[in-house]
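Examination of the molecular architecture
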Amino acid sequence: MAFDKEKALKMCNDFAKNTLMETLNIVYTDAGEGFLEAKMPVNPSVHQPMGLLHGGATVALAESVGSAASLLFVNPELQEARGIEISANHVRAKRDGVVTGTARIVHQGRSLHLWEVKITDEQGRLISLCKITNMILPRKR
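What counts, and where the lines are drawn
- Residues numbered from 1 in each chain as written.
- Predicted model: local features only at pLDDT ≥ 70, side-chain atom pairs only at ≥ 80, totals over all residues.
- Heavy atoms only, no water.
- Salt bridge = Lys/Arg side-chain N within 4 Å of Asp/Glu carboxyl O.
- Buried < 20%, exposed > 50% of the residue type's maximum accessible area, 1.4 Å probe, protein only.
- Helix = DSSP H or I, 4+ residues; strand = E, 2+ residues; numbered from the N terminus.
- Pairing = 2+ DSSP bridges.
- Expected span 1.5 Å × (residues − 1).

1. Digging into the pattern of salt bridges
The final tally for this structure, using the stated rule, is 9 salt bridges. The partner of arginine 82 in a salt bridge is glutamate 80, and the shortest N-O contact between them spans 2.4 Å. Judged by its relative accessible area of 13%, glutamate 80 falls in the buried class. Between arginine 125 and aspartate 121 there is a salt bridge; the shortest N-O distance is 2.6 Å. Linked by salt bridges that have partners in common, Lys10, Asp14 and Lys17 make up one network.

Spelled out as structure tokens, the structure:
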């Protein structure tokens, strides 16, 4: 069966309603075989006291896109993804504009997924490099 980009983006954006992703204005914008992309505005609502993008907001974007990406590989009616480990290296500051998180699959096992998530600015410059590991569990009814 062919990958349905529009269906995948709708599912991810629907799951984000009334969650931290909605609070942070994270929107899933692109998807394909082995990747998912989301954007988040950088403004005072995600700043730390020095007026820069908060590392926690960056990690929230990375975890949001990495966890949602795992849903593209499972049947979300039967399985769910839970983040069990995340790491982030912040390499560039950002004050305003938009950041994009792109999750790419590194390992897709039956019970664990490993993702690399690059957070970039509008010029494609790396802001943070993150790694997230998700456990795939049966969905509880």
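2. Focus on the pairing of strand S2 (residues 35–42)
Across the 8 residues that make up S2, a large majority, 6, are buried. Strand direction decides the pairing type here: strand S1 (residues 27–32) and S2, joined by 5 bridges, are antiparallel. Bridge assignment links alanine 31 to a residue of S2, and that residue is leucine 36.

3. Here's the deal with helix H3 (residues 55–71)
Since the α-helix packs 3.6 residues into each turn, any two residues three or four apart lie on the same face. The end-to-end C-alpha distance of H3 is 25 Å, a good match for the 24 Å that 17 residues give at a rise of 1.5 Å each. Of all 17 residues in H3, 13 are buried, a share of seventy percent or more.

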